[in-house]
Amino acid sequence: MAYCILTIALDTPLNSCFDYRWPCAPGAEPLAGQLAQVSFGHREVVGLIVNVGDRTDVPADKLKDAIAVRSQLTPLSGDWLALAAFAADYYQRPLGEVALPGVPKNLRVLTTVALDRAIKKLAKLGASGAASDATAIDTPPLNGAQQIATDAIGGAVGFTPILLYGVTGSGKTEVYLQACAQVLARDANAQILILVPEINLTPQLEGNIRARFPGLTLATLHSSLSEGERMLHWLAAHQGQARIILGTRLAILASLPHLQLIVIDEEHDPSYKQQEGLRYSARDLAVWRARQLAIPVVLGSATPSLESWHHAGSRRYRKLELRERAVKDAVLPRVKLLDMEKDKPKDGLTSHLVAALRQRIERGEQSLLFLNRRGYAPVITCETCGWISECTRCTAFMVLHKPESRLRCHHCSLELRIPRNCPTCGNVDIAPLGRGTQRVEEGLRELFPQARILRIDADSTRKKGSAQAAFDSVHRGEVDILIGTQMVAKGHDFKQLTLVGILNPDTALFSHDYRASERLFAQLMQVAGRAGRAARNEGGSVSEVLVQTRYVAHPLYAAVVGHDYDRFATSLLEERRQAALPPYMYQALLRAEARELAVAIEFLEQARDCLAHQGITLHDPIPMTMTRVHNVDRAQLLVESCSRPALQAFLKAWLALLRDIKSRVKWSLEVDPLDI
Ligand SMILES: Nc1ncnc2c1ncn2[C@@H]1O[C@H](COP(=O)(O)OP(=O)(O)OP(=O)(O)O)[C@@H](O)[C@H]1O
Ligand SMILES: [Zn+2]
């Protein structure tokens, strides 16, 4: 019997590729990109074949045979393997840890029989979310700017990164759909990947795609699919049946053999960055993938990230602009600042905002109140001794959740009953301080007992399907006032909304994080952009955005009032350039966690001193802003370089040394961190 040597990537930390022996006739060897079952330690696991060869450094008595090769699955392509290898290399993680989670769990755990059954089912079904048999709805005639953008995207050949900079409500979706139609019409196999930042945005876009392309197989990939669904949709993409693949960031690692176009909607959104494990940026990987496949990639936003804005400015990305709202007679809302020093808020609302809400209710129009803080009150305190509801396990306050009468830590999930009297002095006068969405809702119900009020936040939408049901009722006009967190702020096309009230945005003005103003500005522009998306009636007034603030003179607010993304972004970029911050600088962050802060800091000090380097700045270790989470102390060390290749080379050598440092800390490295 002849043997070949399979190099197999396993989902293990550290080194993740291992050699196994496999008996096979010459010419009938397994292929790279196939899954194989092997024994590892005391377990049997499924790994990914990354190479098939005839030699190994493993001594013969140590070399194990692979157990089975899943030959019924089409191998993952060389392009896909290259993507996984790039991501592993760039983010400094083992290949197996990147590649295997990219493959649905069921493909890794199912028996061969069960797998065969699933593949047959798919062949019968198309994808489970298969083609609908409706007839296509009419495509609206595009306006001039939309037409130019559509043709530029649809007609782009080769690697073409495009920034589609279109104001809120400018009809970017329509541009995506019609550009998709061009690409699909040109190539009977073409696949298109569309990414959205949040799972809540998939149903709206899924509906649009299904209506526009009946008969076409659409696959969706996001974290709330069951394992069974996930496998079917993944296979539909992998086997080329699905022509449009709609998903959240994890879909960037889908196997798409005929990928011809990638669309990243709301490209500025921080949700594209994974915050644990492999801390990748789906947007950045999308651009890499497009370059590797020589296809166009569209980054769409009304508030592009400074990175993309910078690339557009230096002409690395092509910039397409939509300056007007798409619906005829719809215009951008008028933004006004309400000075909370002059018009003191009652129950969190200034009299001006209350009057505006009342007017909307009378006119039968919808309002949205945006407050990025869930719960009833961020903290409770004792008025006598100053006790404050701190989490015993985190550097954070326990948030009051009134419906459940609980104090809850949003970081470690600790839950306590609300104390009847102060735990330190026994006083009964303990009171909530500040307000979250629940408290605003309570105040509104008292003010407007007849109004239909709906709160949408992570607490009100815990049940599967409840978020969608809530959004549907807003679209059906069953809600007068919607209160919500960032869940409602982006992407949604609320047609009947004519007033947006923004409560309490000031805290973000003075954050130490240099990205805070970019984020706050984007968030305010996005939430403001939910208003006035439909045509005004005859004589109808312009819709309004009212921002309650104590800092009416702040330049950030002036830019929001002027809808002036261009100028604001350009000035922020100039500040970044002068301060040598991204995108003019490349960063990585080493984080360490330990029971005691000193241990974490000591590890980071050793890390700082263990490698001589040129062109690399290693800053001093510091505790993270929220130092303690769930009884673990956290510290970080920032690494910077003005050369990406230099940083990459340094990190590789450095990691090898870090692994040898004897320490009790848990550490992780993040490349291109967003939160510092
Ligand atoms: N050419 C057109 N004619 C008429 N209506 C249009 C046209 N294009 C788009 N629309 C409508 O304009 C509205 C806004 O479009 P869309 O939701 O795509 O905006 P957007 O650019 O994605 O905005 P945002 O950045 O706020 O998500 C939608 O109701 C859409 O149906
Ligand atoms: Zn906690």
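In this text the structure is predicted, and so the values were computed from the model without any measurement.

**Here we look at the sheet that holds strand β18 (residues 415-417)**
Consideration 1: Strand order in the open sheet made by the 3 strands is β16-β17-β18, with antiparallel pairing throughout. Both edges of this open sheet fall to β16 (399-401) and β18, since each of them pairs with a single strand only. Adjacent strand axes in the sheet meet at a mean angle of 30°, parallel and antiparallel pairs treated alike.
Consideration 2: Across 3 bridges, the pairing between strand β17 (residues 406-408) and β18 is antiparallel. The residue of β18 that forms the bridge with L407 is L416.

**A look at helix α17 (residues 597-609)**
Consideration 1: Across its 13 residues, α17 extends 19 Å between first and last C-alpha, which sits within 8% of the 18 Å expected from 1.5 Å per residue.
Consideration 2: Buried within α17 are the following residues: A600, I601, F603, L604 and A607. Buried residues of α17 fall within an arc of 160° about the axis and therefore sit on the same side. The exposed residues of α17 that point more than 90 degrees off its buried face are A598 and D609.
Consideration 3: In this fold, the buried residues of α17 make contact with β24 (586-594), β27 (632-641), α18 (644-658) and β28 (666-671).

**Re the site of ligand 1**
Consideration 1: Around ligand 1 sit 19 residues, and of these T168, G171, K172, T173 and A326 come closest.
Consideration 2: The residue makeup of the shell around ligand 1, split by class, is 5 nonpolar, 10 polar and 4 charged.

**Remarks on the environment of M585**
Consideration 1: Turning to its location among the elements, M585 is positioned in the loop between α16 (565-578) and β24.
Consideration 2: What makes M585 partly exposed here is the crowd of 17 C-beta atoms within 10 Å.
Consideration 3: For the pair M585 and C642, spaced 57 residues apart in the sequence, the C-alpha separation amounts to 4.7 Å.
Consideration 4: Sequence-distant contacts of M585, that is, excluding residues within four places in its chain, are made with A580, E640 and C642.

**Thoughts on helix α8 (residues 227-238)**
Consideration 1: The first and last C-alpha atoms of α8 sit 16 Å apart over 12 residues, in line with the 16 Å expected at 1.5 Å per residue.
Consideration 2: Looking only at α8, the buried set comprises R230, M231, L232, H233, W234, L235, A236, A237 and H238.
Consideration 3: Among the residues trailing α8, G240 stands out with phi positive, at a value near 85°.

**Side note on the UniProt feature "binding site: Zn(2+) 1" (unreviewed entry) in the chain**
Consideration 1: If you check UniProt for "binding site: Zn(2+) 1" (unreviewed entry), the listed places come out as C382, C385, C422 and C425 in our numbering. Taken together, the annotated residues stretch across 44 residues yet fold into one region, lying no more than 8.5 Å apart by C-alpha.
Consideration 2: Mapped onto the elements of the fold, C382 is located in strand β15 (residues 379-382).
Consideration 3: On the basis of neighbour counts, which here come to 13 C-beta atoms within 10 Å, the residue C425 falls in the partly exposed class.
Consideration 4: Setting aside anything within four residues of it in sequence, one finds C425 in contact with C382, T384, C385 and W387.

**Topic: the UniProt feature "domain: Helicase ATP-binding" (unreviewed entry) in the chain**
Consideration 1: Within this structure's numbering, the places UniProt gives as "domain: Helicase ATP-binding" (unreviewed entry) are residues 153-322.
Consideration 2: Taken end to end, residues 153-322 is 35% helix and 22% strand, and its first and last C-alpha atoms sit 14 Å apart.

**Some details on the sheet that holds strand β2 (residues 17-23)**
Whether parallel or antiparallel, the strands of a sheet pair through hydrogen bonds between backbone atoms.
Consideration 1: With respect to topology, 5 strands assemble into an open sheet ordered β2-β1-β4-β3-β5, the strand pairing being antiparallel. With one partner strand each, in any of the chains shown, β2 and β5 (68-69) form the two edges of the open sheet.
Consideration 2: In the sheet, strand β1 (residues 3-9) pairs with strand β4 (residues 43-53) via 5 bridges, with the strands oriented antiparallel. Bridge pairing links L6 to V52 in β4.

**Here's the deal with the domain arrangement of the chain**
Consideration 1: Along its sequence, the chain is organised into domain 1 (3-103), domain 2 (131-322), domain 3 (334-376 + 435-574) and domain 4 (586-671).
Consideration 2: The C-alpha-based centres of domain 1 and domain 4 are spaced at 31 Å.

What counts, and where the lines are drawn
Residues numbered from 1 in each chain as written. Chains lettered and ligands numbered in written order. Predicted model: local features only at pLDDT ≥ 70, side-chain atom pairs only at ≥ 80, totals over all residues. Pairing = 2+ DSSP bridges. Helix = DSSP H or I, 4+ residues; strand = E, 2+ residues; numbered from the N terminus. Axes fitted to C-alpha atoms, helices over the stretch in contact; angles between N-to-C directions. Expected span 1.5 Å × (residues − 1). Buried ≥ 20, exposed ≤ 12 C-beta atoms within 10 Å, placed from the backbone. Arc of directions from axis to C-beta. Contact = placed C-beta atoms within 7 Å. Near = placed C-beta within 6 Å. Nonpolar A, V, L, I, M, F, W, Y, C, P; charged D, E, K, R; others polar. UniProt positions renumbered as here; feature names shortened; annotations may be inferred. Domains from an automatic or database assignment.

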